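Chain and residue survey
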Amino acid sequence: IDSSKALVAVARYIFQDRPYDFTDENDVFQKIINNQNAIKLNQTISSKMNFGGVKVSYLKKYSEKESIEIQVGNEFRKNLLSSDLYVLDLHNNGIVFDNQGFINDVELVQNNLFAQGRYQKKNKKWRYGFTFLNQLIYSDLRGERKSGYYILPGLNLGYENSKTGTFSFNASRKFSTATINDIYTGYIYQGNRNFTRSELPFTVLPNYNFSLSYNIGEVTSQYLAFNINFSANEDYLSNNMIVNPTYTYNQVILVKNSSTISSNLELRKYVKFMKTRISLLSSFTTSDYENSVNNQALIKSRFSSIKTGFEMKSGFTGLFNYELGYELLFNKINSDANSNRYRDQKGFANVYFKLSSLFRIESSMEYYKFGNTDQKATQFLDLKLNYVSRKYNSNIYLQGNNLLNSSSITRYSIDNISESLYTQKLIPFHIVLGINKNF
């Protein structure tokens, strides 16, 4: 409109069609339908989405340090999800069984009418802002129509001083809504002998977030940063696991009250005689949640994780530079059912050789060891040769990946009802020749 006012209109339409068809060969349905000829299962899924939205914003800048923004808009979303599952014998002949529990035909319609106001102001040392969001949400799921009005306020405060550092505080109330992936009533096969379904209605999930951060110094020389975050959910989606010896049914359930606390600390210092920046890193996370096994009472659990590590990065002006780092992650879970702990390790070292302004060599090595199991650690080594052609404004490279020819990487995790070990195969040693051309 002029140098201090603007009017912005945005419209968007999205259509997605994601069909899915796969066949898996295992004996899971031999146990489910008690038929020894059930060797394979075939599942087809159709997922379609139509989305249309429009938003109009008015922005006014009173000065370089004070502004307001007002938004109004509407979003419409329609999701269709259908699935079917077939059981086959060794010769791909269909086996007749009652498959009603494995069929889905779900339609979810959502409409969100919203209005938002945002105010920001900053003076010499202080800055503050307020956000006020109003939303009217309408939904139609299986003929059940719902509507609700929600008010979502937000606040942010900040203080900046070159001697004492910078403080920031943020508080907000937000929410998420159940999606089409949370509300289908027939089982869908997820792989790994696991089936999932939900009988939940369309649900709005409110939560609260609070965060406090502090930093002081210069990132390139001497720096300290700390933050702590707290979030709480009034309602959240959890699961009831129906566990059998050879397969698992996962039923999504609605549970009240969970919380998460996380914090991060970083210390950086440039050591002049080493021409290297050294960083000490640590973090802490703890979360409370509840779930169920075999329709029993909810199990209360607390998961906590502590990470500690360091990084070093050189600032040489000569032939080479390097980056290296290492971190340890200590995980612990306590629940009404059991308790356990495990440790993850990760390290890396990168070395860069600048032979000339046109020729550069990069090497990268990574080290991983997950969990308390006896599996071997995994190492990767990659090497890349770069040549810059200024005449043709391009970069030619020759890259060797997985020079140590590691065959797999294994990950490990524990929750309150299971212990999992995942092994993923890796592409063996190979060479890539490529060119990047700029126009």
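Figured I'd write up the structure that's included with this text. For clarity, every value in this text was computed on a predicted model and none was experimentally measured.

**Let's talk about the overall build of the protein chain**
Helices and strands together make up the secondary structure of the protein chain, namely 1 helix and 22 strands. Projected onto the principal axes, the alpha-carbon positions of the protein chain cover approximately 75 × 60 × 55 Å. Burial statistics for the protein chain: of 439 residues in total, 35% are counted as buried. Split by element, the accessible area of the protein chain, about 26,100 Å² in all, is 55% carbon and sulfur. If the 50 positive side-chain charges of the protein chain are averaged to one point and the 37 negative ones to another, these points end up 12 Å apart.

**Some remarks on unusual backbone geometry**
Backbone geometry places N34, a non-glycine residue, at a positive phi of 55°. N34 gets classed as exposed once you look at its relative accessible area, which sits at 66%.

**Points about a nonpolar patch on the surface**
A surface patch of nonpolar side chains, amounting to about 900 Å² of accessible area, comprises L157, F169, F210, L212, F226, I228, F230, I261, L265, L267, L280 and F310. Listed by contribution, the elements that provide at least two residues to the nonpolar patch are β10 (204-218), β11 (222-243) and β12 (248-271). Turning to its location among the elements, I261 is positioned in strand β12. Among the residues examined, I261 registers a relative accessible area of 34% and is labelled partly exposed.

**Here we look at a positive patch on the surface**
A contiguous patch of positive charge, built from K65, K122, K124, K125, R127 and K163, is present on the exposed surface. Tracing the backbone through its elements, the reader meets K124 in the loop between β4 (104-122) and β5 (126-141).

**Some points on the pattern of salt bridges**
Counting across every chain of the model gives 14 salt bridges. Of the charged contacts, one joins K307 and E327 as a salt bridge, the two residues approaching to 4.0 Å between their closest N and O atoms. With K307 in strand β14 (residues 299-314) and E327 in strand β15 (residues 320-335), the pair connects residues that are 20 residues apart, well separated along the chain. The exposure class of K307 is partly exposed, given its relative accessible area of 27%. A relative accessible area of 26% means that E327 is categorised as partly exposed.

**Regarding the pairing of strand β2 (residues 40-63)**
Two elements, strand β1 (residues 5-25) and β2, share 21 bridges in a ladder whose sense is antiparallel. Within β2, the residue paired with R18 across the bridge is S47. The antiparallel hairpin formed by β2 and strand β3 (residues 66-88) contains 2 residues in its connecting segment.

**Remarks on the nonpolar core**
By size, the foremost hydrophobic cluster in this structure holds 17 residues, and its most contacted members are L81, L108, L141, I180, I183 and F202. Contributions of two or more residues to this core are made by β4 and β5. If sequence neighbours within four positions are ignored, L81 has contacts with I45, S46, S47, N104, D105, V106, I180, Y184 and I188.

**Concerning the packing of aromatic side chains**
A complete count under the given rule lists 23 aromatic pairs for this structure. With a centroid separation of 5.9 Å and 10° between ring planes, the pair formed by Y368 and F370 is classed as stacked. Looking at F370, the relative accessible area reads 16%, which means it is buried. Taken together, the ring pairs in this structure connect Y20, F22, F29, F97, F102, Y187, Y189, F195, Y247 and Y249 into an aromatic cluster.

**Thoughts on the environment of Y397**
Here Y397 shows up in strand β19 (residues 394-401). On the basis of relative accessibility, which here comes to 17%, the residue Y397 falls in the buried class. In this structure, the C-alpha to C-alpha distance between Y397 and Y387, residues 10 residues apart in sequence, is 6.2 Å. Those residues in contact with Y397 that lie beyond four places of it in its chain are K384, L385, N386, V432, L433, G434, I435 and N436.

**Notes on the side chain of N331**
Mapped onto the elements, N331 comes out in strand β15. Of note is the side chain of N331, whose polar atom sits 3.2 Å from the side chain of S305.

**Observations concerning the side chain of N134**
Locating N134 in the fold gives a position in strand β5. N134 gets classed as buried once you look at its relative accessible area, which sits at 17%. Side chain to side chain, N134 and Y149 meet in a polar contact 2.5 Å long. Ignoring sequence-local partners within four residues, the contact set of N134 consists of L113, F114, A115, Y149, Y150 and I151.

Here is what the cut-offs are and how they apply
- Residues numbered from 1 in each chain as written.
- Predicted model: local features only at pLDDT ≥ 70, side-chain atom pairs only at ≥ 80, totals over all residues.
- Heavy atoms only, no water.
- Helix = DSSP H or I, 4+ residues; strand = E, 2+ residues; numbered from the N terminus.
- Buried < 20%, exposed > 50% of the residue type's maximum accessible area, 1.4 Å probe, protein only.
- Areas by Shrake-Rupley, 256 points an atom, 1.4 Å probe, with all protein chains shown as cover.
- Lys, Arg positive; Asp, Glu negative; His and termini not counted.
- Charge placed at Lys NZ, Arg CZ, Asp CG, Glu CD.
- Patch = residues over 30% accessible without salt bridge, like charges linked within 9 Å, V, L, I, M, F, W, Y side chains within 5 Å.
- Salt bridge = Lys/Arg side-chain N within 4 Å of Asp/Glu carboxyl O.
- Pairing = 2+ DSSP bridges.
- Core = buried A, V, L, I, M, F, W, Y, C linked by side-chain atoms within 4.5 Å.
- Contact = heavy atoms within 4.5 Å.
- Phe/Tyr/Trp six-rings, centres within 6.5 Å; stacked < 30°, edge-to-face > 60°.
- Polar contact = N/O pair within 3.5 Å; in protein donor to acceptor, adjacent residues only side chain to side chain.

Interpretation note: all reported values are geometric properties and have no functional meaning in isolation.
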